[in-house]
Structure formats: structure tokens, C-alpha cells
Amino acid sequence: MSSLKAQQDQWSGKIGVILAVAGSAVGLGNFLRFPGLAAQYGGGAFMVAYGIMLVLVGVPVAWAEWSIGRRGGQQGAHCAPGVFWYLTKGSRLWKFLGVLAVLGPSSVAFYYMVVEAWCFGYFWKMLTQPELFVTAESTAQTFFSFTGMAGDGSALLSDNGMLWIVGGVILINLEEIAGILIESSGYFLCMF
């Protein structure tokens, strides 16, 4: 009688893994906010240091994470708490601390949905109400009002549309949200 191995999800190729790791390492802030701030404050010299640190620190850390995950997966640990448990030779404390490796990315995913809604909504306003973007001051006021940064509750008004856009983005990402919740429950079950 032949034993059947449990089917595991696998990457289709090495390029996909490399791009996923690079995308996770780069993060949304690196292309939404950082270049603008560096340009605003004359950060050309800093960009050189940033590139060097990316190579000296970012690449080795990404490589280490990849190696740890691969080794844990080879040993049958298919969740962060399980990998922590395997690496520490059975320490239950580290297994429970592995939960942070689940909660952190899950919270970040929900945060990014709001940023995604801002991007969609701002783009929609630019298409439908171009008169709001004639001057730099009106553009800034539109953004602050739309995102709620004005502090006057305008983001919650029905004519603003932000709540509808956030709701739409959540519906678009519903499959991803369900995947995060199902995967997270699997991580917690893996702990016992």
C-alpha cells in the first residue's frame, strides 16, 4: 500500500517567490510616501544610503525569512507558531509568540484596505470632479476632507462617498479577507 503525501500549496516558480518576497519587503509606504518626502527635502544623498542598506540589510533578512519558512515547511510546520516551535526545539513560549507573526500581517492587510480605498476614491474624484484639483490648495483640501484628515467629520458624510468606497473595497477584497481569517484560524489550531 502506497502512502499518499498530503497535498501542499507550492509556488509555480522561483521568480514568483522572489517577487512576492521583494513586494513584501518593499511595502506600500516605499512607493506612496517615501520618494515624495525624499524629493521634498532634498534626499538624493539619503537615497544612496537607502539603496546600500536595502542590499546590506533588506536582502539578507528576506533571505533568512525565506530559509526559515522553507526549513519549517520541510519539517511539517506549515504555520508561524509551528515554525517557531520547530526552531526552538519544542519551546511552547516561542510557539505562542509565533501568533504575532499571524496578527501583524493580518492587521496590516486591513489597514492597506483603507489606503486602497483612499487611492480608488481620490482617483474617482479626479475623474468626476476635476474642478477640485485646479490649485494645490484645493487639491490638498479635497484630500484632507475625503480621507478625514481635516478632523471635521467630513469623511463620514454621505456626499463624500468615502464610506461607500471603503465598503466597495472590502467587498472587492472579501475573498482575501476570508482567506486571512481562515488562514489565521489554521495558525491558531496549529498551536495545539
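Within any chain, residue numbers begin from 1 and follow the written order of that chain's sequence. It should be noted that, the model being predicted, local features are given only for residues of pLDDT at least 70 and side-chain atom pairs only at 80 or more, the latter also being counted only at that level, while totals for whole chains, interfaces and linings use all residues. Water and hydrogen atoms were dropped before computing side-chain values, which therefore reflect all heavy atoms in the structure.

What follows deals with the overall build of the protein. Helix and strand labels come from DSSP, where a helix needs a run of H or I of at least four residues and a strand needs a run of E of at least two; each type is numbered from the N terminus. On a plain count of helices and strands, the protein comes out with 9 helices and 0 strands. Buried, partly exposed and exposed residues are distinguished by accessible area as a fraction of the type maximum, computed with a 1.4 Å probe on protein chains only: under 20%, between the cut-offs, and over 50%, respectively. Of all 192 residues assigned to the protein, the portion counted as buried reaches 22%. Contacts are assigned to residue pairs that have any heavy atoms within 4.5 Å of one another. Pairs at least 24 apart in sequence give 48% of the contacts found in the protein among residues at least 6 apart. Summed over its atoms, the accessible surface of the protein is roughly 13,900 Å², and 69% of this surface lies on carbon and sulfur atoms. For the area figures, the Shrake-Rupley method with a 1.4 Å probe applies, and any residue is considered shielded solely by the protein chains shown.

By definition, pLDDT measures how confident the predictor is in each residue, and it falls between 0 and 100. Residues of the protein with pLDDT of at least 70 account for 72%, and the chain-wide mean is 75. Least confident of the elements in the protein is helix α9 (residues 174-190), whose mean pLDDT is 65; most confident is helix α3 (residues 44-74), at 82. Long-range and interchain partners of residues 1-6, a stretch whose pLDDT sits below 50, account for 0 contacts in this model, where long-range means more than four residues apart.

Where two aromatic rings form a pair, the distance of their centres and the angle of their planes describe that pair. Each Phe, Tyr or Trp ring, with Trp reduced to its six-membered ring, pairs with another whose centre is within 6.5 Å; inter-plane angles below 30 degrees give stacked pairs, above 60 give edge-to-face pairs, and intermediate values give tilted ones. The final tally for this structure, using the stated rule, is 2 aromatic pairs. With centroids separated by 5.4 Å and ring planes inclined at 85 degrees, the aromatic side chains of Tyr122 and Phe133 adopt a geometry described as edge-to-face. Here Phe133 lies in the loop between α6 (100-128) and α7 (136-147) and Tyr122 lies in helix α6, a separation of 11 residues in the sequence. Here Tyr122 matches Phe133 in class, with each residue buried.

The next point concerns the packing of α6 against α7. Axis geometry follows a simple rule: fit a line to the C-alpha atoms, using only the stretch in contact for helices, then measure angles between N-to-C directions, giving values from 0 to 180 degrees. Running from amino to carboxyl end, α6 crosses α7 at an angle of 135 degrees, the nearest separation of the two axes being 11 Å. One finds that α6 runs oblique with respect to α7. The handedness of the crossing between α6 and α7 comes out as right-handed. Contacts between α6 and α7 involve Ala117, Trp118, Gly121, Tyr122 and Lys125 on the former and, on the latter, Thr139, Thr142, Phe143, Phe146 and Thr147. Each residue gets one label: Ala, Val, Leu, Ile, Met, Phe, Trp, Tyr, Cys and Pro are nonpolar, Asp, Glu, Lys and Arg are charged, and the others, such as Gly, are polar. Looking at the contact of α6 with α7, its residues break down into 5 nonpolar, 4 polar and 1 charged. When an angle is under 35 degrees it counts as roughly parallel; over 145 it counts as roughly antiparallel; between 65 and 115 it counts as roughly perpendicular; any other value is oblique. Handedness of a crossing follows from how the near helix is turned relative to the far one, being left-handed for an anticlockwise turn of less than a right angle and right-handed for a clockwise one.

Among the residues making up helix α4 (residues 80-87), those that are buried are Ala80, Pro81, Gly82 and Val83. Phi turns positive one or two residues past the end of α4, at Lys89, with a value near 60 degrees.

For the rest of this paragraph, the subject is the packing of α6 against helix α8 (residues 162-172). Between two packed helices, both the angle of their axes relative to each other and the distance between the axes serve to describe the pair. Where α6 meets α8, the closest approach of the two axes is 9 Å, and the angle between their N-to-C directions is 120 degrees. Taken together, the axis directions place α6 and α8 in an arrangement best described as oblique. The chirality of how α6 crosses α8 is right-handed. Contacts between α6 and α8 involve Met113, Val114, Glu116, Ala117, Trp118, Phe120 and Gly121 from the first element and Met162, Ile165, Val166, Val169 and Ile170 from the second. In terms of residue class, the contact of α6 with α8 is built from 10 nonpolar, 1 polar and 1 charged.

With that out of the way, let us pick up the nonpolar core. A general feature of soluble globular proteins is that nonpolar side chains tend to end up buried together. Nine residue types can take part in a nonpolar core, namely buried Ala, Val, Leu, Ile, Met, Phe, Trp, Tyr and Cys, and a core is a set of them joined through side-chain atoms within 4.5 Å. Counting residues in each nonpolar core, the largest one holds 7 residues, listed as Met113, Ala117, Phe146, Met162, Ile165, Val166 and Val169. Mapped onto this core, the elements with two or more residues apiece are α6 and α8. Looking at which element gives the most residues to this core, the answer is α8, with 4 residues.

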